[in-house]
Amino acid sequence: MAGEKFAEKVMKIAQTPKYIRNIATSAHIHHGKTAMTDNLMAAAGMMSSKFAGQLEGGMATWQHADEQERLMTVDAANVSMVHEYGDQEYLINLIDTPGHVDFGGNVTRAMRAIDGTVVLICAVEGIMPQTETVVRQALRERVKPVLFINKVDRLVKELKLGPEKIAERIMALVVEFNNMVQRIAETQYKELWKVNVQDGGVAFGSARENWALSFPYMHKKNVKFSDILRIYEMEEAERKEWVWNNAPLHEVILDMVIKHLPDPVDAQIYRIPKIWHGDPESQFGKDLLTCNPDGKVAFVITRIVIDPRSGKDISAGRLFSGTLRSGMEVYLNNAKQKQRIQNVYIYNGIKPEIMESLPAGNVLAISGVLGFAGETITLEPEQTFEELKHIFEPVITKAIEPKKSADLPKLIEVLRKVSREDPSVKIEINEETGQNLMHGMGELHLEIIENRIITEKGVEIKTSPPIVVYRETISKPSPEVEGKSPNKHNKLYFKVEPLEPQIAQGIKESKVQQGRFKKKDEELVSFLRDECGWDAKTAGMVKAIYGGNMFMDQTRGIVYIHEILELVLDMFDDVMKQGPLAREPCTNVKVILTDCTLHEDAIHRGPAQMYPAVREGIRGAMMQAGPVLFEPLQIMRIEAPTEYTGELSKLVSSKRGQLLEMNQEEDQVVVIAKMPVGELIGWSSDLRSGTEGRGSSSLVDQMFERLPMELQEKIRAQIVQRKGLSAGELGA
């Protein structure tokens with residue numbers, strides 16, 4: 001298919017959103033997402049079919065050498081293709097996402113851009129922890145799933161099952177998948193989004209061997225389950241021909257996508273209220289809900305790729321309303337600045353192809369704009385989209401510096417690029433000390449970033465051993481504590497108390513938004529009223545939620561309170577970022593401003609006076625509320641052959657872990673254990689040596705819990721020493 005022809009085709013289809021499908025693949029690691037994407041592209045004529053789905057030859061969507069070395073996807077990859085269904089051509093924009101939990105941030109960002117997802121599960125392994133995590137991410141963004149049961153060849157070759165048993169296994173997996181949807185979907189989608197074998201919402205096959213079937217397709221082609229066994233008795237050439245004629249992967253999967261996943265117009269009606277919290281009656285709100293190509297522009301960046309040739313940012317994302325044209329001046333709402341779009345691209349396979357303009361409902365890319373993933377791009381300042389929330393927070397940190405001090409400016413530039421490319425890496429740049437911190441999801445995550453800084457960005461670096469980030473919190477309510485401004489004219493009184501568990505849980509599950517509340521926030525008030533039993537008046541006192549902590553203003557009749565509140569909240573954020581015990585972030589703290597006396601002259605209550613008063617008051621209250629350190633824990637699912645059961649339990653207890661459950665599945669033992677992240681450094685090599693390379697583990701969940709009393713002082717001293725803090729910088 002010639003480039004020009006593709007661009008013309010796309011331009012034609014892209015004008016009619018009902019012929020567009022924006023989708024992603026999502027699955028546990030090594031369940032076949034990238035092999036499937038490759039084969040879909042090959043069938044659409046985007047790459048040579050002889051390499052499609054070949055791990056050894058390298059997947060077409062792997063754009064970094066390390067993905068090839070590790071045989072897994074690290075970055076999400078965008079591809080577009082045209083598929084004919086009925087007599088109509090459809091444009092399919094697909095994002096291939098990674099399965100490894102360290103790169104879950106890529107999945108979260110991809111979900112914002114799409115409306116439907118193909119969930120892959122291995123016919124033998126079934127639903128794994130990461131499958132549940134990615135489905136949870138999809139449902140949280142109101143992305144509708146369909147199911148592809150992959151690796152059915154393993155049922156034939158490894159488990160030697162007959163046709164009836166294969167059918168039984170497929171039905172059992174569908175039931176398991178629907179139970180998961182029932183458990184984690186919002187109420188109105190629990191039944192609606194279950195998949196149905198009869199109507200073709202489920203396909204099964206082998207992405208590696210390029211075949212797939214669904215019940216309606218079997219009916220149409222008159223194929224039976226016994227034919228599946230027959231193809232494994234054929235010679236390769238004969239098999240390929242039979243598969244292409246009777247069970248072509250691309251046709252079955254893409255037909256299922258077109259029939260069962262929504263087009264942008266239908267999807268935006270129910271997705272917009274979930275991911276954008278503005279006024280639906282405003283013109284901007286109406287344009288978003290109707291996916292209006294002539295409306296106000298609304299583009300959300302979900303992924304940034306730095307073009308290796310030019311070093312420029314290419315920002316991929318979703319256009320929810322309006323039309324983007326090259327040369328257009330746009331406004332970045334988070335960065336609060338105007339910039340100009342250089343080019344607009346659509347993906348031709350994996351290559352970006354320049355277009356004059358593209359209308360709403362498309363997944364596309366733009367260049368010339370420097371922003372972060374999650375940025376809302378409009379023409380004038382507008383209400384932004386909800387920020388992209390990752391299911392897990394970064395819990396491992398490394399200090400990073402250049403080997404040659406002359407490279408420091410270059411390293412800082414590279415780190416800024418890295419944090420744009422992968423927002424789930426938090427970068428802290430300290431220009432004064434020259435020490436830069438990288439916070440990531442796990443050891444592998446940071447290892448890959450380091451490797452790319454050296455190989456792709458060409459900066460020689462040295463990094464510290466991994467550091468674990470703890471949390472500070474309090475164990476009891478404090479008395480009222482006074483904070484005085486340096487000029488002694490302003491006094492503020494604070495109390496702190498532990499945040500109620502159901503509120504903490506509500507924040508974690510995004511039932512309430514984080515941020516500052518200028519006016520009454522309906523969502524917040526109804527949550528506190530209905531689920532936590534607060535009255536509306538008390539709920540109205542909540543002025544901010546930051547990092548899982550809450551600020552309340554209980555003062556009455558203070559004349560100048562509205563003038564200083566922003567300053568107080570700035571310092572509330574600051575203390576919650578760096579608590580009094582060891583300057584670690586705080587969690588689950590409720591800070592209450594109970595009273596204050598303020599100087600009537602505004603000049604005497606500026607930032608220089610208010611900041612120290614607030615800081616002293618909040619920290620002082622926390623030090624009198626039984627401050628403690630919480631450590632990050634991860635719930636791990638560990639698998640190995642049964643003969644290593646003893647080794648696994650020994651390994652878990654040597655890491656201060658708790659065994660939660662141990663089950664035997666055929667010849668494998670599956671252990672679920674809760675492990676402190678502080679003890680998990682070097683975990684993968686310990687697991688490999690303990691099980692002679694046959695064990696694997698995956699992350700199920702993470703949380704923070706109180707560090708055992710006997711370790712509190714030791715760990716605190718280590719953090720203080722590492723950060724080089726003096727006694728005067730700690731406490732209140």
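Residues numbered from 1 in each chain as written. Predicted model: local features only at pLDDT ≥ 70, side-chain atom pairs only at ≥ 80, totals over all residues. Heavy atoms only, no water.

1. Looking at the overall build of the protein chain
Here is step 1 of the chain: When helices and strands are tallied, the protein chain shows 23 helices and 33 strands.
Here is step 2 of the chain: Taken against the 2.2 N^0.38 rule, which gives 27 Å for 732 residues, the C-alpha radius of gyration of the protein chain at 27 Å falls within 12% of a compact globule.
Here is step 3 of the chain: With the principal axes as the frame, the protein chain shows a C-alpha extent of 90 × 65 × 60 Å.
Here is step 4 of the chain: With 732 residues in all, the protein chain has 57% of them scored as buried.
Here is step 5 of the chain: Sequence-distant contacts in the protein chain: of pairs separated by 6 or more residues, those separated by 24 or more amount to 73%.
Here is step 6 of the chain: With the model as given, the accessible surface of the protein chain reaches about 30700 Å², and the carbon-plus-sulfur share is 49%.
Here is step 7 of the chain: Of note, the protein chain has its 90 positive side-chain charges centred 2 Å away from the centre of its 103 negative side-chain charges. (Helix = DSSP H or I, 4+ residues; strand = E, 2+ residues; numbered from the N terminus. Rg over C-alpha atoms; globule rule 2.2 N^0.38 Å. Buried < 20%, exposed > 50% of the residue type's maximum accessible area, 1.4 Å probe, protein only. Contact = heavy atoms within 4.5 Å. Areas by Shrake-Rupley, 256 points an atom, 1.4 Å probe, with all protein chains shown as cover. Lys, Arg positive; Asp, Glu negative; His and termini not counted. Charge placed at Lys NZ, Arg CZ, Asp CG, Glu CD.)

2. Some points on the pattern of salt bridges
Here is step 1 of the chain: Applying the stated rule across the entire model yields 36 salt bridges.
Here is step 2 of the chain: Where Lys-9 meets Glu-89, a salt bridge forms, and the shortest distance between an N and an O atom there is 3.2 Å. With Lys-9 in helix 1 (residues 3-14) and Glu-89 in strand 3 (residues 88-96), this residue pair connects regions lying 80 residues apart in the sequence.
Here is step 3 of the chain: Glu-460 serves as the salt-bridge partner of Lys-403, at 3.7 Å between the closest nitrogen and oxygen. With Lys-403 in the loop between strand 18 (396-402) and helix 14 (408-421) and Glu-460 in the loop between helix 15 (443-455) and strand 21 (461-463), this pair connects stretches of sequence that are 57 residues apart.
Here is step 4 of the chain: Judged by its relative accessible area of 35%, Glu-460 falls in the partly exposed class. (Salt bridge = Lys/Arg side-chain N within 4 Å of Asp/Glu carboxyl O.)

3. Considering the pairing of strand 27 (residues 542-546)
Here is step 1 of the chain: In terms of burial, strand 27 is largely enclosed, as 4 of its 5 residues are buried.
Here is step 2 of the chain: Pairing of strand 26 (residues 515-516) with strand 27, which is carried by 2 bridges, proceeds in the antiparallel orientation. Note on strand 27: the bridge partner recorded for Gly-515 is Ile-545.
Here is step 3 of the chain: Of the pairings in the sheet, the one linking strand 27 to strand 28 (residues 549-553) comprises 4 bridges and is antiparallel in character. Among the inter-strand pairings, Ala-544 is bridged to a residue of strand 28, identified as Phe-551.
Here is step 4 of the chain: Hairpin connection, strand 27 to strand 28: the antiparallel pair is bridged by 2 residues, and Gly-547 has positive phi, about 55 degrees. (Pairing = 2+ DSSP bridges.)

4. Observations regarding the nonpolar core
Here is step 1 of the chain: With 68 residues, the main nonpolar core has Phe-148, Ile-149, Phe-204, Trp-211 and Ile-253 as its most contacted residues.
Here is step 2 of the chain: Ranked by the residues each element gives to this core, the list is headed by helix 7 (residues 163-184), at 8 residues.
Here is step 3 of the chain: Residues contacting Trp-211, with those up to four places away along its chain left out, are Phe-148, Val-152, Phe-204, Gly-205, Ser-206, Ile-228, Ile-231, Tyr-232, Val-243, Ala-247 and Leu-249. (Core = buried A, V, L, I, M, F, W, Y, C linked by side-chain atoms within 4.5 Å.)

5. Brief notes about the pairing of strand 31 (residues 658-665)
Here is step 1 of the chain: As defined by bridge partners, strand 31 adjoins strand 32 (residues 668-676) across 7 bridges and the pair is classed as antiparallel. If you follow Gln-658 over to strand 32, its bridge partner there is Lys-674.
Here is step 2 of the chain: What sits between the antiparallel neighbours strand 31 and strand 32 is a turn of 2 residues, in which Glu-666 has the positive phi angle 50 degrees.

6. Details of the packing of aromatic side chains
Here is step 1 of the chain: For the coordinates displayed, the defined rule picks out 10 aromatic pairs.
Here is step 2 of the chain: Centroid distance Tyr-189 to Trp-193: 4.3 Å. Interplanar angle 25 degrees. Geometry classified as stacked.
Here is step 3 of the chain: Note on Tyr-189: relative accessible area 8%, which makes it buried.
Here is step 4 of the chain: Under the relative-accessibility criterion, Trp-193 is labelled buried at 4%.
Here is step 5 of the chain: Measuring from ring centre to ring centre gives 6.3 Å for Phe-215 and Phe-225, while their planes differ by 70 degrees; the resulting arrangement is edge-to-face. One end of the pair, Phe-215, is in helix 8 (residues 215-221); the other, Phe-225, is in helix 9 (residues 225-231), and 10 residues separate them in sequence.
Here is step 6 of the chain: The class for Phe-215 is partly exposed, based on a relative accessible area of 26%.
Here is step 7 of the chain: Here a set of aromatic residues connected by ring pairs shows up, and it is made of Tyr-19, Tyr-85 and Tyr-90.
Here is step 8 of the chain: The ring of Tyr-560 has Arg-605 lying over it, and the distance from NZ or CZ to the ring centre is 4.0 Å. (Phe/Tyr/Trp six-rings, centres within 6.5 Å; stacked < 30°, edge-to-face > 60°. Lys NZ or Arg CZ within 6 Å of the ring centre and 35° of its normal.)

Bear in mind that shape data such as this cannot, by itself, settle questions of function.
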